[in-house]
Amino acid sequence: MDYLLTEEQQMLQDLARQISEERIKPIRARLDEEELFPWDIMADLAQADLCGTIIPEEYGGLGLGCLENCLVLEALAGACVGVATTYAASFLGAYPLLLFGSEEQKQRYLPRLAKGEVLAAFALTESQAGSDAGAVATTAVKDGAFYVLNGTKQWITNAGEAEINTVIAVTSPGKGSRGASAFVVEKGDPGISFGKKEKKMGIRASVTREIILEDCRIPKDRLISKEGMGFIATMKTLDNARPGAGALAVGLAQSALDEAAAFAKERVQFGQPIFAFQAVQHMLADMATKIEAARALVYSVARYIDSKPREYTKAAAMAKLFPTDMAMAVTVDAVQIMGGHGYMREYPVEKMMRDAKILQIYEGTNQIMRNIIGLALNKEYARKK
Ligand SMILES: Cc1cc2nc3c(=O)[nH]c(=O)nc-3n(C[C@H](O)[C@H](O)[C@H](O)COP(=O)(O)OP(=O)(O)OC[C@H]3O[C@@H](n4cnc5c(N)ncnc54)[C@H](O)[C@@H]3O)c2cc1C
């Protein structure tokens, strides 16, 4: 399919694909096996000027949009979703600043992120606040020129590695989602520490840890936007990031298909390559069709977001839901086509199937995506009556 990408978009895609092929693929199995954080690859991405794609030019970035971000994420996930998640999570941490930060905050943080000197993290989830983001219990209490934060954030990607942590905390208890605010907490601030590295099923090159805030005292100018804007900043951040999760799914699924198809050409049973069996061809045909449908959806939603519509929550949820469910199904089928070989760690589809699962869970589970889409449909059809 020709998606009519511009020359600049194709060059960006080629650059990301080159890094994937030359730098990530050769070491992805070791990163996964030994659970190594991919600092070297982050340095390569910085060197290639890929850390500031969505950061405006006035802050040292490339000033590109959601589609370009998706092209890079798709290419990186084609090699390793763990590495691509590390890269993507930094943008997740940057979005609240990009969307709601003051000029002074943008000047202070975005240029270093754009250069790839530092990473960011986005800290919303807590033990009792997973899908129910309104149940956040971390507090931020104003004390003169400071805020004092207390609470524990759970399963935060890049925690402990990121210098810049966007933390959602309650400033007005009892006000529900309108009582939450967003703050920047730096890695070196007094009162911040990090839990153990979680042992995960997949994306094991990415790091997932708690962020523990104990009387963490930060200057009051670290508040992003105004008190009470934390929930809105979170929702807008996720709306912008979700097509990226879809792009990771497309890149992953494409690689799984490529592996399965190449294997099917080589593997001979009953005197012929298994590719010749119609049952196998039909599986490959379904995989290829679903991948193309997901890619078309991600690109079109990304282009829509780049056109700066007022509202794109439903579209963003669709661009996460369909591709990530698709990637789970496609990676399971890739293992099936490869039979016992597919189950062995020696072949990459085993890792791909493990990596696919998280895409249906983080940045809002796929049940929550269906809730969001269902709610939007309910409103749309109520208006049509
Ligand atoms: C590897 C990893 C990395 C992560 N990175 C980050 C990060 O960087 N920052 C961050 O803030 N968070 C992060 N998370 C947290 C992630 O976003 C949450 O795990 C996710 O939102 C789901 O929350 P939960 O796990 O508590 O599940 P729960 O909310 O407890 O849900 C459990 C099950 O119930 C279902 N469910 C819950 N409520 C509903 C409902 N209303 N309708 C239908 N079904 C429902 C869910 O879909 C799910 O199947 C990460 C998680 C993991 C595992």
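Since the model is a prediction, treat every value here as computed from it, not as a measurement.

A closer look at the overall build of the chain
And then number 1: Scanning the chain from terminus to terminus reveals 12 helices and 10 strands.
And then number 2: Over its C-alpha atoms the chain spans a radius of gyration of 21 Å, differing by no more than 12% from the 21 Å that the globule rule assigns to 385 residues.
And then number 3: In terms of overall dimensions, the chain has a C-alpha envelope of 80 × 55 × 40 Å along the principal axes.
And then number 4: Expressed as a percentage of the 385 residues in the chain, the buried residues total 53%.
And then number 5: Sequence-distant contacts, at least 24 apart, represent 75% of the contacts inside the chain between residues at least 6 apart.
And then number 6: Across the chain, the centroid of the 44 positively charged side chains sits 6 Å from that of the 48 negatively charged ones.

Details of the nonpolar core
And then number 1: Counting 122 residues, the largest nonpolar core has L45, Y87 and L149 as the members making the most contacts within it.
And then number 2: The greatest single-element share of this core, amounting to 14 residues, is contributed by helix α7 (residues 230-266).
And then number 3: Those residues in contact with Y87, other than ones at most four positions away along the chain, are M42, L45, L50, C51, T53, N69, V72, L73 and L76.
And then number 4: Judged by nonpolar contacts, the second largest core, of 5 residues, contains L321, M369, I372 and I373.

Some details on the pattern of salt bridges
And then number 1: For the coordinates displayed, the defined rule picks out 24 salt bridges.
And then number 2: R295 is the partner of E74 in a salt bridge, and the nearest nitrogen-oxygen pair spans 2.9 Å. A residue pair is termed long-range when its members are at least 10 positions apart, and E74 in helix α4 (residues 66-77) and R295 in helix α8 (residues 278-306) qualify at 221 residues. Of the two residues, E74 and R295, neither departs from the other in class, the shared state being buried.
And then number 3: For R370, the salt bridge identified is with D325, shortest N-O distance 2.7 Å. A residue pair is termed long-range when its members are at least 10 positions apart, and R370 in helix α12 (residues 366-384) and D325 in helix α9 (residues 313-337) qualify at 45 residues.
And then number 4: Assessed through its relative accessible area of 46%, R370 is described here as partly exposed.
And then number 5: According to the relative accessible area criterion, D325 is partly exposed, its value standing at 22%.
And then number 6: Taken together, the shared-partner salt bridges in this structure form one network comprising D32, E35, K199, R204, E350 and R354.

A few points about the site of the ligand
And then number 1: Lining the immediate environment of the ligand, one finds 20 residues, of which F122, T125, S131, T157 and T365 sit closest.
And then number 2: Between the ligand and S131 there is a distance of 2.6 Å, counted from an oxygen atom to a side-chain nitrogen or oxygen.
And then number 3: Here the ligand loses 66% of its free accessible area of 970 Å² to cover by the protein chains.
And then number 4: At the level of elements, β1 (120-123), β3 (146-157) and α12 are the ones that each hand at least two residues to the shell around the ligand.
And then number 5: Class assignment of the residues belonging to the shell around the ligand gives a composition of 10 nonpolar, 8 polar and 2 charged.

Quick look at the packing of aromatic side chains
And then number 1: Applying the stated criterion across every chain, the model contains 6 aromatic pairs.
And then number 2: For the ring pair Y147 and F183, a centre distance of 4.8 Å and an interplane angle of 65° mean the geometry is edge-to-face. Of this pair, Y147 sits in strand β3 while F183 sits in strand β5 (residues 180-186); the two residues are 36 residues apart in sequence, bridging distant segments of the chain. With respect to class, Y147 is no different from F183; both count as buried.

What about the environment of R112?
And then number 1: Locating R112 in the fold gives a position in helix α6 (residues 103-115).
And then number 2: A relative accessible area of 42% places R112 in the partly exposed class.
And then number 3: Through-space distance from the C-alpha of R112 to that of K357 is 32 Å; in sequence the pair is 245 residues apart.
And then number 4: Aside from chain neighbours lying at most four places away, what touches R112 is E117 and V118.

As for α4
And then number 1: Over its 12 residues, α4 runs 16 Å from end to end, which matches the ideal 16 Å to within 8%, given 1.5 Å per residue.
And then number 2: Here α4 lies mainly inside the structure; 12 of its 12 residues are buried.
And then number 3: Residues of α4 that are buried include every one of C66, L67, E68, N69, C70, L71, V72, L73, E74, A75, L76 and A77, and no others.

A few points about unusual backbone geometry
And then number 1: We note that D215 has phi near 45°; this positive angle belongs to a residue other than glycine.
And then number 2: Its place among the elements puts D215 in strand β7 (residues 208-219).
And then number 3: On the basis of relative accessible area, D215 is assigned to the exposed category, the value being 55%.
And then number 4: Positive phi is not limited to glycine here, since F270 has a value of about 50°.
And then number 5: Looking at the secondary structure, you find F270 in the loop between β9 (268-269) and β10 (272-273).

Rules used in this analysis
- Residues numbered from 1 in each chain as written.
- Predicted model: local features only at pLDDT ≥ 70, side-chain atom pairs only at ≥ 80, totals over all residues.
- Heavy atoms only, no water.
- Helix = DSSP H or I, 4+ residues; strand = E, 2+ residues; numbered from the N terminus.
- Rg over C-alpha atoms; globule rule 2.2 N^0.38 Å.
- Buried < 20%, exposed > 50% of the residue type's maximum accessible area, 1.4 Å probe, protein only.
- Contact = heavy atoms within 4.5 Å.
- Lys, Arg positive; Asp, Glu negative; His and termini not counted.
- Charge placed at Lys NZ, Arg CZ, Asp CG, Glu CD.
- Core = buried A, V, L, I, M, F, W, Y, C linked by side-chain atoms within 4.5 Å.
- Salt bridge = Lys/Arg side-chain N within 4 Å of Asp/Glu carboxyl O.
- Near = heavy atom within 4 Å.
- Polar contact = N/O pair within 3.5 Å; in protein donor to acceptor, adjacent residues only side chain to side chain.
- Areas by Shrake-Rupley, 256 points an atom, 1.4 Å probe, with all protein chains shown as cover.
- Nonpolar A, V, L, I, M, F, W, Y, C, P; charged D, E, K, R; others polar.
- Phe/Tyr/Trp six-rings, centres within 6.5 Å; stacked < 30°, edge-to-face > 60°.
- Expected span 1.5 Å × (residues − 1).

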